[in-house]
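# Structure assessment
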Amino acid sequence: MPDLALSFVIPLYHSAETIAGVVREIEGFTIEGGHEIVLVHDGSGEATSAVCRELVRQAGLRQGPGRTVPITLIEHARNFGEHNAVLTGYRHARGAFVVNLDDDGQNPPAEAVKLWQHARREGLDVVYGHYGQKEHSAFRNFGSWLTNRMTDWVLDKPPGFYLSSFRCVSAFVAHQVIPYAGPYPYIDGLLLQVTQRIGSIEVRHEARRAGASTYTLSRLLRLWLS
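Residues numbered from 1 in each chain as written. Predicted model: local features only at pLDDT ≥ 70, side-chain atom pairs only at ≥ 80, totals over all residues. Heavy atoms only, no water.

## Concerning the overall build of the protein chain
As a reminder, the rule being used: Put simply, DSSP H or I for four residues or longer makes a helix, DSSP E for two residues or longer makes a strand, and each gets a number counted from the N terminus. Contacts between residues were defined by any pair of non-hydrogen atoms, one from each residue, lying within 4.5 Å. Note that accessible areas follow from Shrake-Rupley with a 1.4 Å probe, and for residues the cover is restricted to the protein chains shown.
Counting secondary structure elements, the protein chain contains eight helices and seven strands. For the protein chain, restricting intrachain contacts to residue pairs at least 6 apart in sequence, the fraction spanning at least 24 positions comes to 81%. For the protein chain, the accessible area works out to roughly 10800 Å², and carbon and sulfur atoms hold 56% of it.

Listed below in structure tokens is the structure:
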């Protein structure tokens, strides 16, 4: 049985400027049944590692009933990509539901809670966040559009159903997909092989809190080809 109600899984890549604010916001939530934060550093250098280790240290100093939200840090030995990082987070999550969100604040943590609440209320295994207005670059928005059109054709999903990287899944579904051992996982494809109890709700998408996106056109193309 899961130990907690909700796990927040956050893949990290050059996140030193932004992750502390995201973590602090999640720490401020009151979640019935308890929640945790799982940070997965995907091989982007010492600056991000140092910030995250300090966050874990500070959380440890505040340990005690009702005093802090547990933080787990997993560090990849090299960069394996966002989907591999999310799977690593799933493997370490202890929640009855797991929500993964960006490290830069563009997926507001409060909106992640809304995904979880919707999944519980509607009895769903997977809930995606879709955006009324996206704050990404034009070429990244085009890449998302193209990927969704391709998955309409390739995957067993309702035509036009929007797949995003902002998702909440049940522990059951997470445990079904984590045995995948290939080098290029596509999480949405794996999820759709496990369940058809999926839904979506509209969520806010905000501008980055600091820095610039690390998703260049070449990186997005490599990800799409994988």
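Structure's up, so let's keep going.
## Section: the nonpolar core
As a reminder, the rule being used: Definition of nonpolar core: a set of buried residues of the types Ala, Val, Leu, Ile, Met, Phe, Trp, Tyr and Cys, connected through side-chain atoms within 4.5 Å. In this scheme, a residue with accessible area under 20% of its type's maximum is buried, one over 50% is exposed, and one in between is partly exposed, where area comes from a 1.4 Å probe on protein chains only.
The biggest cluster of nonpolar side chains holds 32 residues, and the ones touching the most others in it are Ile10, Ile19 and Leu39. Elements that contribute at least two residues to this core include exactly strand 1 (4–12), helix 1 (19–27), strand 2 (35–41), helix 2 (46–61), strand 4 (95–100), helix 4 (109–122), strand 5 (126–131) and strand 7 (198–203). Those residues within four positions of Leu39 in sequence are excluded, and the remaining contacts are Ile10, Leu12, Ile19, Val23, Cys52, Ile71, Thr72, Leu73 and Ile74. If you look at the next biggest cluster of nonpolar residues, it comprises 25 residues, including Ala85, Ala93, Leu155 and Val169.

## Here's the deal with helix 1
Test applied: Throughout, the arc means that of the directions going from the helix axis to the C-beta atoms.
When helix 1 is considered as a whole, its buried residues turn out to be Ile19, Val22, Val23, Ile26 and Glu27. Along the axis of helix 1, the buried residues cluster in a sector spanning 135 degrees; they form a single face. If you follow the buried residues of helix 1, they end up packed against strand 1, strand 2, helix 2, strand 3 (71–75) and helix 4.

## Description of the packing of helix 1 against helix 2
When two helices pack together, their arrangement is captured by the angle between the axes and the distance separating the axes. We count it as follows: For helices, the fitted axis covers only the stretch in contact; all axes are lines through C-alpha atoms, and the angles between them, taken along N-to-C directions, range from 0 to 180 degrees. Oblique is the label for every angle not falling under 35 degrees (roughly parallel), over 145 degrees (roughly antiparallel), or within 65 to 115 degrees (roughly perpendicular). Crossing handedness: left-handed means the near helix sits turned counterclockwise from the far one by under a right angle, and right-handed means the same turn made clockwise. Any residue that is not Ala, Val, Leu, Ile, Met, Phe, Trp, Tyr, Cys, Pro, Asp, Glu, Lys or Arg is counted as polar, Gly included; the first ten are nonpolar and the last four charged.
Closest axis-to-axis distance for the helix 1/helix 2 pair is 10 Å, and the angle between their directions is 25 degrees. Judged by the inter-axis angle, helix 1 sits roughly parallel to helix 2. For helix 1 against helix 2, the interelement crossing comes out right-handed. Together, Ile19, Ala20, Val23, Arg24 and Glu27 of helix 1 and Val51, Cys52, Leu55, Gln58 and Ala59 of helix 2 make up the contact between the two elements. A per-class count over the contact of helix 1 with helix 2 returns seven nonpolar, one polar and two charged.

## Some details on the environment of Ser165
Here Ser165 shows up in the loop between helix 5 (138–154) and strand 6 (167–170). The class for Ser165 is partly exposed, based on a relative accessible area of 25%. It is 9.7 Å that separates the C-alpha atoms of Ser165 and Asn107, two residues lying 58 residues apart in sequence. Ser165 has contacts with Glu82, Asn100 and Asp102, leaving out every residue within four places of it along the chain.

## Concerning unusual backbone geometry
Positive phi outside glycine occurs at His14, with the angle close to 50 degrees. Owing to a relative accessible area of 46%, His14 belongs among the partly exposed residues under this scheme.

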